[in-house]
Number of protein chains: 2
Amino acid sequence: MTMPSMTAFALSGVPLVQPGDDLITILKSALEQSQEQLADGDILVVSSKIISKSENRFVDLRTVEPSPAAIELAQKTNKEPELVEVILQESKSVSRAAPGVLVVEHRLGFVSANAGIDHSNIEDSDHRVLLLPLDPDASAAKLRQRIMDELGVTVGIIVSDTHGRPFRRGNVGVAIGIAGLPAIVDLRGGVDLFGRVLVASIQGYADLIASTAHLLCGEANEGRPLVVIRGLDVPSGEGLGADMNRDPASDLYR
Amino acid sequence: MTMPSMTAFALSGVPLVQPGDDLITILKSALEQSQEQLADGDILVVSSKIISKSENRFVDLRTVEPSPAAIELAQKTNKEPELVEVILQESKSVSRAAPGVLVVEHRLGFVSANAGIDHSNIEDSDHRVLLLPLDPDASAAKLRQRIMDELGVTVGIIVSDTHGRPFRRGNVGVAIGIAGLPAIVDLRGGVDLFGRVLVASIQGYADLIASTAHLLCGEANEGRPLVVIRGLDVPSGEGLGADMNRDPASDLYR
Ligand SMILES: Nc1nc2c(ncn2[C@@H]2O[C@H](COP(=O)(O)OP(=O)(O)O)[C@@H](O)[C@H]2O)c(=O)[nH]1
Ligand SMILES: Nc1nc2c(ncn2[C@@H]2O[C@H](COP(=O)(O)OP(=O)(O)O)[C@@H](O)[C@H]2O)c(=O)[nH]1
Ligand SMILES: [Mn+2]
Ligand SMILES: [Mn+2]
Ligand SMILES: [Mn+2]
Ligand SMILES: [Mn+2]
């Protein structure tokens, strides 16, 4: 019998990313310093934070004019009105607001605390925040294409972020941008060990990979925004971040 | 710089588990057939299903007498009244009920569809279902102790199950029983790359590992209920499955 297996490693040698930095240049240099190469079939998990930094998605809160709605919500959540204003601008709707908590539906369709905006791992975080990448799928696709062109290998890319979740304590990794692999893998119609047809088996495939990477990249001062996952028998398909969002109409927890 | 990495592999040679089977015997034989050994620091992820089977947690639905409450809920959810009765017996409360959906708070404290009870990968699934293990933490601790005694190695154990989730499509792996490693890892009070103190960083560590294993064990006829995770720098601590449950009172989505 064959034994399915995988390996995962975080690249070292990634600098503090600056606005305008070219991520393929950073990737190449990190691969070199790590004495590693990418191979066909690898999945590269990229922390959204360094994409945001390279895209200069910083907002200086001192330049933000909070709306009356933001001021009201800021009171309810004990958050800065300027931060709440930026969160609302990045969101379609508010899901839950309570002291210390502001969960929204992000403009990209997923539900997350503070629209994925945070102060951590950025410079001047006393008055600046960093928004999520403008279009994480596009960033993933672009990086994938440049890896093909410049390194000659075909990889999958996941742009990851850290999410909390209802019911369960602790953050996990999620995929907010995807290129070159499926987002979800629908096993329905397949059979179980006894030939019974599966009716509920849809795997959150890209999120599983993002959570795997999360074990290595962490969410503090590890300095490891690039993780390579190798050896997975990746099902075919081309997913997008939005494929992971439940249809709000059929979501019983909005 | 050191490059953090891990490997994960699914053991082959696991039989169809039967009531009364001794899991350490099954593990030893699978290790032998896989030509693998466990090592200190490994984490062994065990699918809850084979623990349930060994514990004979089968219920023959033909022997179940549905209560009036179960009959009513069965109508609302389009589920068999006998199945709903068993789900209610395994639960503390109903979280959401809709056509095709019954989400409950399990007696073990987590929130899951159908109390984790399903028909898949079991024999005679036309009239039988399988409940989750009676006490997944105790099963994990027992297996861990026997691995120490009989194989001479100190490993962590996670008993995993497959959960759906609000907001996001696709199932992920979760830890419902834990021995020899932390459930969550609280990074609060640590600092980010720029020395800012982290205020929201609690990692769902055991769930991250369960999701990693899920990429290899799957949830269909793969026949891979035993996955080894190797090489992680596991933080110290001894968690329990219940550590992963959010306090219902502070959960905005119950
Ligand atoms: N080398 C490097 N690592 C970074 C940078 N920004 C964040 N990281 C690391 O990337 C990982 C994820 O960081 P986090 O702030 O949680 O990013 P997010 O999950 O994408 O929002 C952690 O290991 C951070 O230390 C950077 O500019 N350079
Ligand atoms: N070898 C073997 N594999 C099993 C058995 N029962 C389930 N599996 C496998 O264990 C993995 C997880 O199965 P699943 O039914 O999703 O278990 P759960 O997530 O613990 O409820 C899949 O690879 C199944 O094929 C068994 O009795 N023997
Ligand atoms: Mn983030
Ligand atoms: Mn993060
Ligand atoms: Mn299950
Ligand atoms: Mn499963």
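None of the values given here were measured: they were computed from a predicted structure.

Rules and cut-offs
Residues numbered from 1 in each chain as written. Chains lettered and ligands numbered in written order. Predicted model: local features only at pLDDT ≥ 70, side-chain atom pairs only at ≥ 80, totals over all residues. Heavy atoms only, no water. Near = heavy atom within 4 Å. Polar contact = N/O pair within 3.5 Å; in protein donor to acceptor, adjacent residues only side chain to side chain. Areas by Shrake-Rupley, 256 points an atom, 1.4 Å probe, with all protein chains shown as cover. Helix = DSSP H or I, 4+ residues; strand = E, 2+ residues; numbered from the N terminus. Contact = heavy atoms within 4.5 Å. Buried area = accessible area lost by both parts, 1.4 Å probe. Salt bridge = Lys/Arg side-chain N within 4 Å of Asp/Glu carboxyl O. Pairing = 2+ DSSP bridges. Axes fitted to C-alpha atoms, helices over the stretch in contact; angles between N-to-C directions. Least-squares fit on C-alpha atoms with pLDDT ≥ 70 in both. Domains from an automatic or database assignment. UniProt positions renumbered as here; feature names shortened; annotations may be inferred. Buried < 20%, exposed > 50% of the residue type's maximum accessible area, 1.4 Å probe, protein only.

Novice: Where do I start with the site of ligand 2 in this structure?
Specialist: Near ligand 2 lie 24 residues; those nearest to it are Val14, Pro15, Cys217, Ala220 and Gly223 of chain B. Surrounding ligand 2 is a set of residues that belongs to chains A and B. Separating an oxygen atom of ligand 2 from a backbone N or O atom of Val17 of chain B is a distance of 2.9 Å. Burial of ligand 2 by the protein amounts to 97% of the accessible area it has alone, namely 580 Å². Ranked by residues supplied to the shell around ligand 2, first place goes to helix H2 (residues 48–54) of chain B with four residues.

Novice: Explain the interface of chain B and chain A here, please?
Specialist: Note on interface size: it is often stated as the accessible area lost on association of the parts. Counting residues at the interface gives 80 residues for chain B, matched by 80 residues for chain A. Surface buried jointly by chain B and chain A totals about 7100 Å² across both partners, of which 62% is contributed by carbon and sulfur atoms. Three residues stand out in chain B for area buried against chain A, namely Phe167, Arg168 and Arg169 of chain B, and they jointly supply 12% of the buried area on that side. Joining chain B to chain A, the criterion identifies four salt bridges.

Novice: Please explain the sheet that holds strand S5 (residues 101–106) of chain B as it appears in this structure.
Specialist: Note on sheets: strands pair through backbone hydrogen bonds, and any given pair is parallel or antiparallel. Residue and element names in this part refer to chain B. Taken together, the three strands give an open sheet; going across it, the order is S4-S5-S6, and neighbouring strands pair in antiparallel fashion. Edge positions in the open sheet fall to strand S4 (91–98) and strand S6 (111–113), since each of these has one partner strand only. Between one strand axis and the next, the sheet turns by 25° as a mean value, whatever way the strands run. Sheet topology note: the S4/S5 ladder contains six bridges and is antiparallel. Across the sheet, residue Val94 finds its bridge partner in S5, namely Val104. Of the strands in this sheet, S4 and S5 are in contact with helix H3 (residues 68–77), which crosses S4 at around 30°. Against the sheet, helix H4 (residues 81–89) engages S4 and S5, with an angle of about 135° to S4.

Novice: Whenever I open this one, the relation of the copies chain B and chain A confuses me. Can you help?
Specialist: One copy of the chain maps onto the other through a rotation about an axis plus a displacement along that axis. Mapping chain B onto chain A leaves a residual RMSD of 0.0 Å; the transformation is a rotation of 180° accompanied by 0.0 Å of translation along its axis. Here the copies are linked by what is in effect a two-fold axis. Identified as the residue of chain B closest to the rotation axis by C-alpha distance is Thr7 of chain B, at 2.1 Å. The overlap is high: 100% of the interface residues of chain B also sit at the interface in chain A, so the same surface is used on both sides.

Novice: What's the story with the site of ligand 1 in this structure? I'm lost.
Specialist: Of all residues adjacent to ligand 1, which total 24 residues, the nearest are Pro15, Asn121, Cys217, Ala220 and Gly223 of chain A. Looking at the residues close to ligand 1, they fall on chains A and B. Protein burial of ligand 1: of its 570 Å² of free accessible surface, 97% is covered by the chains. The set of elements that each furnish at least two residues to the shell around ligand 1 consists of helix H2 (48–54) and strand S8 (156–163) of chain A. Looking at the shell around ligand 1, the element that brings in the most residues is H2 of chain A, giving four residues.

Novice: Please clarify how the sheet that holds strand S4 (residues 91–98) of chain A should be interpreted in this entry.
Specialist: All names here are of chain A. Here we have three strands laid out as an open sheet, ordered S4-S5-S6, and antiparallel in their pairing. Sheet topology places S4 and strand S6 (111–113) at the edges, where each strand pairs with a single neighbour. With strand direction ignored, the average angle separating the axes of adjacent strands in the sheet is 25°. Seen against the sheet, helix H3 (residues 68–77) touches S4 and strand S5 (101–106) and runs at an angle of roughly 30° to S4.

Novice: How should the domain arrangement of chain A be read in this particular structure?
Specialist: Residues and elements named next belong to chain A. The domain boundaries assigned to chain A delineate domain 1 (7–56 + 132–236) and domain 2 (58–129). Each of domain 1 and domain 2 has a C-alpha centre, and these two points are 25 Å apart. On the domain 2 side, the residues contacting the 15 residues of domain 1 number 15 residues. Taken together, the links from domain 1 to domain 2 amount to one salt bridge. Ionic pairing is found between Asp118 and Lys49, a salt bridge with its closest N-O pair at 2.5 Å. Linking domain 1 with domain 2 are seven residue pairs in polar contact (both at pLDDT 80 or more), by the criterion used here. Among the elements of the structure, H2 and S8 are those that each provide at least two residues to the side of domain 1 that touches domain 2.

Novice: Got a minute to help me understand the UniProt feature "domain: Coenzyme F420:L-glutamate ligase-like" (unreviewed entry) in chain A in this structure?
Specialist: As recorded in UniProt, the sites labelled "domain: Coenzyme F420:L-glutamate ligase-like" (unreviewed entry) are residues 14–231 of chain A. Measuring from the first to the last C-alpha atom of residues 14–231 of chain A gives 23 Å, for a span that is 30% helix and 24% strand.

Novice: Looking at this structure, I do not really get unusual backbone geometry. What am I missing?
Specialist: All names here are of chain B. Here Asn114, not a glycine, exhibits a phi torsion of approximately 55°, which is positive. Topologically, Asn114 is positioned in the loop between S6 and strand S7 (128–130). For Asn114, a relative accessible area of 18% puts it in the buried group. A positive phi angle, close to 55°, is found at Asp124, a residue other than glycine. Topologically, Asp124 is positioned in the loop between S6 and S7.

Novice: Would you take a moment to explain the pattern of salt bridges for this structure?
Specialist: Should the charged atoms of two oppositely charged side chains come close, the side chains can pair. Applying the stated rule across the entire model yields 30 salt bridges over all chains. Salt-bridge contacts for Glu150 of chain A lead to Lys28 of chain A; the nearest nitrogen and oxygen are separated by 2.7 Å. Of this pair, Glu150 of chain A sits in helix H5 (residues 136–151) while Lys28 of chain A sits in helix H1 (residues 23–33), and the two are 122 residues apart along the sequence. With relative accessibility at 34%, the residue Glu150 of chain A sits in the partly exposed group. For Arg146 of chain B, the salt bridge identified is with Asp22 of chain B, shortest N-O distance 2.6 Å. With Arg146 of chain B in helix H5 (residues 136–151) and Asp22 of chain B in the loop between strand S1 (5–10) and helix H1 (23–33), the pair connects residues that are 124 residues apart, well separated along the chain. When its relative accessible area of 26% is taken as the criterion, Arg146 of chain B is described as partly exposed. For Asp22 of chain B, a relative accessible area of 29% translates into the label partly exposed. Sharing partners across several salt bridges, the network here consists of Asp22, Lys28, Arg146 and Glu150 of chain A.

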